[in-house]
Amino acid sequence: MKIYDMIIIGAGHAGCEAALAGARIGCKSLLISMRKDKISRMPCNPSIGGIGKGQLVKEIDALGGEMAKATDATGIQFKLLNRSRGPAVWSSRAQVDRHKYSEYMRQKILSQDNLDFMEGEVSNILVSGGSITGVETVNNGFIKTKTVVVAPGTFLNGLIHIGLKNRPGGCYNEPASIALSQSLKRFGFEMRTLKTGTTPRLRKNSLDFSKLIPQYGDSEPEPFSFSTKSKLKNSIICHITQTNLRTHSIIRNNLDSSPLYAGIIKSTGVRYCPSIEDKVVKFSSRVSHQIFLEPESTDTDWYYPNGLATSLPEGVQKDMLHSIRGLERAEIIRPGYGIEYEFIQPTELCASLQTKKIAGLFLAGQINGTTGYEEAAAQGFVAGVNAALAVKNKAPFILERANSYIGVLIDDLVTKGTDEPYRMFTSRVEHRLLTREDNADLRLRSYGYDLGLISKAELEQVEKKKRSINNTIKYLSRHRIKPSSQINSILEGLGLSGINKVVSASGLLKRPRIRYQDLKELGVVSGALPVECERTVELIIKYEGFIKRQAASIKKMESIEKIKVPKEILFSKIPGLSLEIVEKLDKIRPLTLGQASRISGVTPVAIMLLMVYLKKYTK
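## Points about the side chain of Thr 71
You can see Thr 71 is positioned in helix α3 (residues 67–74). Residue Thr 71 is classed as buried on the basis of its relative accessible area, which comes to 0%. Setting aside chain neighbours within four positions, we find Thr 71 in contact with Ile 48, Phe 78, Ala 94, Val 96, Tyr 101 and Phe 224.

## Observations regarding the layout of surface pockets
Put simply, the second largest pocket is a space of about 1,600 Å³. Lining the second largest pocket are 46 residues, and of these Glu 222, Val 531, Glu 532, Cys 533 and Arg 535 sit closest to its centre. Counting residues per element, the ones that place at least two in the lining of the second largest pocket are α11 (440–451), α12 (456–478), α15 (516–521) and α16 (531–542). Looking at the lining of the second largest pocket element by element, the count peaks at eight residues for α16. The residue inventory of the lining of the second largest pocket, partitioned by class, reads 16 nonpolar, eight polar and 22 charged.

## Observations concerning the sheet that holds strand β4 (residues 75–81)
Each strand in a sheet pairs with its neighbour through backbone hydrogen bonds, running either in the same direction (parallel) or in the opposite one (antiparallel). Spatial ordering of the open sheet is given by β3-β5-β4, a layout of three strands whose pairing is antiparallel. Each edge of the sheet is formed by a strand with only one pairing partner; in this case those strands are β3 (47–49) and β4. Direction aside, neighbouring strands of the sheet carry axes that sit 15 degrees apart on average. Pairing of β3 with strand β5 (residues 91–96), which is carried by three bridges, proceeds in the antiparallel orientation. Residue pairing for β5: Ser 47 is matched across the bridge by Gln 95. Each of β3, β4 and β5 touches α3; the most contacted strand, β4, lies at about 115 degrees to it.

## Here we look at helix α18 (residues 579–588)
Those residues of α18 that fall on the buried side of the exposure criterion are Ile 581, Val 582, Leu 585 and Ile 588. Within α18, the buried residues cover an arc of 140 degrees as seen down the axis, which keeps them to one side. Its buried side turned inward, α18 meets α10 (405–416), α19 (593–597) and α20 (604–617).

## What to know about the sheet that holds strand β19 (residues 337–344)
Judged by pairing direction, the sheet is antiparallel, and its four strands sit side by side in the order β11-β10-β19-β12 without closing on themselves. If you trace the sheet from one side to the other, it starts and ends with β11 (165–168) and β12 (191–198), each paired once. Pairs of neighbouring strands in the sheet enclose a mean axial angle of 25 degrees, with direction left out of account. Strand direction decides the pairing type here: strand β10 (residues 159–162) and β11, joined by four bridges, are antiparallel. Paired with Ile 160 across the bridge in β11 is Arg 167.

## So, the packing of helix α2 (residues 53–63) against α11
Running from amino to carboxyl end, α2 crosses α11 at an angle of 40 degrees, the nearest separation of the two axes being 7 Å. Considering their axes alone, α2 and α11 lie oblique with respect to each other. Seen from above, α2 lies across α11 with right-handed handedness. In this structure, α2 contributes Lys 58, Glu 59, Asp 61, Ala 62 and Leu 63 to the contact, and α11 contributes Ala 440, Asp 441, Arg 443, Leu 444, Arg 445, Tyr 447 and Gly 448.

## Things to note about the state of the cysteines
Applying the stated criterion to the full structure yields zero disulfides. As a non-bridged cysteine, Cys 171 has Cys 44 as the owner of its nearest cysteine sulfur, 9.6 Å distant. Residue Cys 171 is classed as buried on the basis of its relative accessible area, which comes to 5%. Here Cys 273 stays unpaired: no disulfide links it, and the sulfur of Cys 44, its closest cysteine neighbor, is 6.3 Å away.

## So, unusual backbone geometry
You will see that Asn 173, though not glycine, has its phi angle at about 60 degrees, which is positive. Examined against the element boundaries, Asn 173 turns out to sit in the loop between β11 and α5 (178–185). Phi is positive for Asn 393, which is not a glycine, with a value near 60 degrees. Considering the arrangement of structural elements, one finds Asn 393 in the loop between α9 (373–391) and α10.

## Quick look at the packing of aromatic side chains
For any two aromatic rings, the description comes down to two numbers: the centre-to-centre distance and the angle of the planes. On inspection of all chains with the given rule, the structure shows five aromatic pairs. Residue placement shows Lys 58 over the ring face of Phe 226; its charged tip is 5.4 Å from the ring centre.

## Re the pairing of β19
Within β19, eight of the eight residues are buried, leaving the element largely enclosed by the surrounding structure. For β10 and β19, the ladder comprises three bridges, and the chain directions are antiparallel. Considered in β19, the bridge of Leu 159 is made with Glu 340. With eight bridges joining them, β12 and β19 adopt antiparallel strand pairing. Opposite Leu 194, over in β19, you have Tyr 341 as the bridge partner.

About the criteria used
- Throughout, residues of each chain are indexed from 1 in the direction in which the sequence is written.
- Note on the predicted model: pLDDT of at least 70 is required for a residue's local features to be given, and 80 or more for side-chain atom pairs to be given and counted; whole-chain, interface and lining totals, by contrast, use all residues.
- Here the side-chain values reflect all heavy atoms present in the structure, with hydrogen atoms and water set aside.
- Segments assigned H or I by DSSP are reported as helices when at least four residues long, segments assigned E as strands when at least two residues long, and all are numbered from the N terminus.
- In this scheme, a residue with accessible area under 20% of its type's maximum is buried, one over 50% is exposed, and one in between is partly exposed, where area comes from a 1.4 Å probe on protein chains only.
- Only heavy atoms matter for contacts: two residues are in contact if any of them lie within 4.5 Å across the pair.
- Space inside and on the surface of the protein is sampled on a 1 Å grid over the protein atoms alone, with a cavity defined as a set of points where a 1.4 Å probe fits but cannot get out and a pocket as an open set with protein on both sides within 12 Å along at least 5 of 7 lines; lining residues have an atom within 4 Å of a point.
- Grid points are joined across faces, edges and corners, and a volume is the space filled by probe spheres set on the points.
- When residues are grouped by polarity, Ala, Val, Leu, Ile, Met, Phe, Trp, Tyr, Cys and Pro land in nonpolar, Asp, Glu, Lys and Arg in charged, and all others, Gly among them, in polar.
- Strands were regarded as paired on the criterion that DSSP finds at least two bridges between them.
- A fitted line through C-alpha atoms represents every axis, and for helices the fit uses only the stretch in contact; the resulting angles, taken between N-to-C directions, go from 0 to 180 degrees.
- The directions considered for the arc are those from the helix axis to the C-beta atoms.
- Between 65 and 115 degrees an angle is taken as roughly perpendicular, under 35 as roughly parallel, over 145 as roughly antiparallel, and anywhere else as oblique.
- In this scheme, a crossing is called left-handed if the near helix is turned counterclockwise away from the far one by less than a right angle; it is called right-handed if the turn is clockwise.
- Note on disulfides: each one is a pair of cysteine sulfur atoms within 2.5 Å.
- Stacked, tilted and edge-to-face are the three classes assigned to paired rings of Phe, Tyr and Trp, where Trp is represented by its six-membered ring and a pair needs centres within 6.5 Å; plane angles under 30 degrees give stacked, over 60 edge-to-face, the rest tilted.
- Our definition puts a charge over a ring when NZ of Lys or CZ of Arg is within 6 Å of the ring centre and also within 35 degrees of the ring normal.

Quick look at the structure:
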């Protein structure tokens, strides 16, 4: 019998990152999924990144994950979002070729050393003495393993809804994972149900592009991966249209056939990506909603109407589409649908994503209550790394809120739990000016190296980048620019006012409309600094005051973040804590006083009582 260090259940974005991370760290791993041709599928929107999500992808890449590389290799349109706002919220997004993306990841999985792939279904997770012993599969029997990462996406007891009809399924025309759900329930996990949905898919030649507004990618696309050196290009154009009052009337007149409004779907859906039915009902004053028409691949004629997720009957979907400008003759290749699926309340997890009940059992992705490819991949990476570290009897890898979006994502989940699909946003991140996209490698590359996922050459590259940035900042702070007719002429040519006294180059760069590249025209700097460093230098100088304040805030919080809460502590013995707070602390079992302070309902007074008690407890 073959014995594995790690078995990963599910080959979606979470499962693939977990499998690659574990295998690359040196663990003998097995990835089990129902279909080999569906590895790393994109059942919803074929895009990677977005507001708050681009940061996750960059961080996965900085640590040694694969998603960013796959995106650069298969992207067909690239954009940097939120350019009109501050750099703390700039986020990359790419439309990708869903077929090529899946093929890229499939090749990575199948060619990875230490990683086997099995097409099959896991029916049971086996435990002895509170620890993982193996899994039972439908067709291949018992397989022994030391750790298991469960990443089933929406397949866990999934139920697909189209109109008032429903059927079990994890994706369109694919079976749900029912036996695995029953296996997990036997362990006594707190399991609930969530809902998500997708849009109808449309045939390209049935769309009237003359009536649609084109949306172009960036003229100079920026890569997601810090390893990508080749220039990227946009190979497609997306388009925009809008719903109208007639569309809304069709939807309202058919709400009785919507499973959401007929009471058939009782689960909570994605608040920030609602169905078109939800939009029309909850935002009744709106006369239109924007629809983005996005190609799914350069090799097929499938189009994704982003913004039209629905579970209405197929006939109603057709009428709704035909009421929209440019879609009057739209042909539905596959109808939109809603799907309900089970998840485990993430407060059942440690920050390593290992379950508290069972040693060696890790959960990643939608099973933890999240939505989105990027959130899933980030969790998969962390779960895979920690499963591997558990096999090697090493301390878990845990990122902090102060240094990463991934740290915020996981801390939110395991500390607060969720009652709706959790989506990452920049607004959730307290120190987002310090955890920008452009500096993800500067923040996290060394962690990846320590894990064995980043090479020495890659680490040296980022160390060189750090030196270049720091040396340039020092130079700009020392370099003085004297007023002259030539300098002022250049400034005025840039639409800026001239200078009448000596200023430092960094002081000039702090002006709102001055860019680093303008300093080249002034003769202050040469073009020797790599382009990827120029933006970082500019942002550090322009936002120096804000950055210092956030750094001071982090330092202030470190005092309670570093206070460990012993595993064996009995919260019921702490004088002054209410029964409700004791129950919450017992449920979460915070690792630090900082984590305890973020538990919903745990008051500042309770934290003070806990702090006083810990000082006596540790003496």
